[in-house]
Amino acid sequence: MTDKNTQSVVRKDDAELASRIKDTLVPHVDIREDKDMVVLFADLPGVDRDGLDVHIDKDVLQIYGRRAIRPDAKTGGSYTEMPARDYYRAFTIGEEVEREHISAQLTNGVLKVVLPKSERAKPKKITIKCA
């Protein structure tokens, strides 16, 4: 799995996506892999479920998060040192990922995306027969 530069992901005919990712932040991502799956952990502080979009287009997994500033209900105002900027990150995924079984979960600003491997991509032990 390789990290894609956002400019290479945007197609010329996709002006809407280009406008969405302009001036976005690149979230930090941890990637863990074992024989059954690849798991991505993306740091998206301030992003809630409504502001999150995770999808696959062809072989590109795209993560887009919108961080909204909400005024404090008690004081009526807000102060923040982290601006309401968006997050965007894209990854190229191979054929070894079972796209139908991909899952995502957002907990406390950390997005976990589980990419299960197909049976074909999992390592197999070959038994040796002796004559």
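Each remark here, short or long, concerns the structure printed above.
Throughout, a residue's number is its position along its own chain's written sequence, starting from 1. Only residues with pLDDT of at least 70 get local features here, since the model is predicted, and only at 80 or more are side-chain atom pairs given and counted; chain-wide, interface and lining totals rely on the full set of residues. In computing side-chain values, all of the structure's heavy atoms are included and hydrogens and water are not.

Caption draft 1: Layout of the overall build of the chain. Along the backbone of the chain there are two helices and eight strands. Starting at the N terminus and walking to the C terminus, you meet the elements of the chain as β-α-α-β-β-β-β-β-β-β. Three labels apply to residues, based on accessible area from a 1.4 Å probe with only protein chains included: buried if under 20% of the type maximum, exposed if over 50%, partly exposed otherwise in between. Classification of the 131 residues of the chain by burial places 30% in the buried group. Should any heavy atoms of two residues lie within 4.5 Å, those residues are counted as being in contact. Across the chain, the fraction of contacts at a sequence separation of at least 24, relative to all contacts at a separation of at least 6, is 56%. Areas reported as accessible are Shrake-Rupley estimates using a 1.4 Å probe. Residue values count occlusion only from the protein chains shown. When the accessible area of the chain is evaluated, it comes to approximately 9,300 Å², of which 51% is carbon and sulfur surface. Helix and strand labels come from DSSP, where a helix needs a run of H or I of at least four residues and a strand needs a run of E of at least two; each type is numbered from the N terminus.

Caption draft 2: Structural context of the sheet that holds strand β7 (residues 103-107). Strand pairing follows a simple DSSP-based rule, namely that at least 2 bridges must link the two strands. The strand order across the open sheet built from four strands is β2-β3-β8-β7, with neighbouring strands paired in antiparallel fashion. Edge positions in the sheet fall to β2 (29-33) and β7, since each of these pairs with one other strand and no more. Averaged over neighbouring strand pairs, the angle between their axes works out to 15° when direction is ignored. Taken together, the five bridges between β2 and strand β3 (residues 37-43) define a ladder with antiparallel strand orientation. Angles run from 0 to 180 degrees between N-to-C directions of axes, and those axes are lines fitted to C-alpha atoms, restricted for helices to the stretch in contact.

Caption draft 3: Region of interest: unusual backbone geometry. In this structure, lysine 58 is a non-glycine residue whose phi angle is positive, near 60°. For lysine 58, the location among the structural elements is in the loop between β4 (47-57) and β5 (60-67). Of note, the phi angle at asparagine 108 is positive, near 50°, even though the residue is not glycine. Checked against the element boundaries, asparagine 108 lands in the loop between β7 and β8 (110-116).

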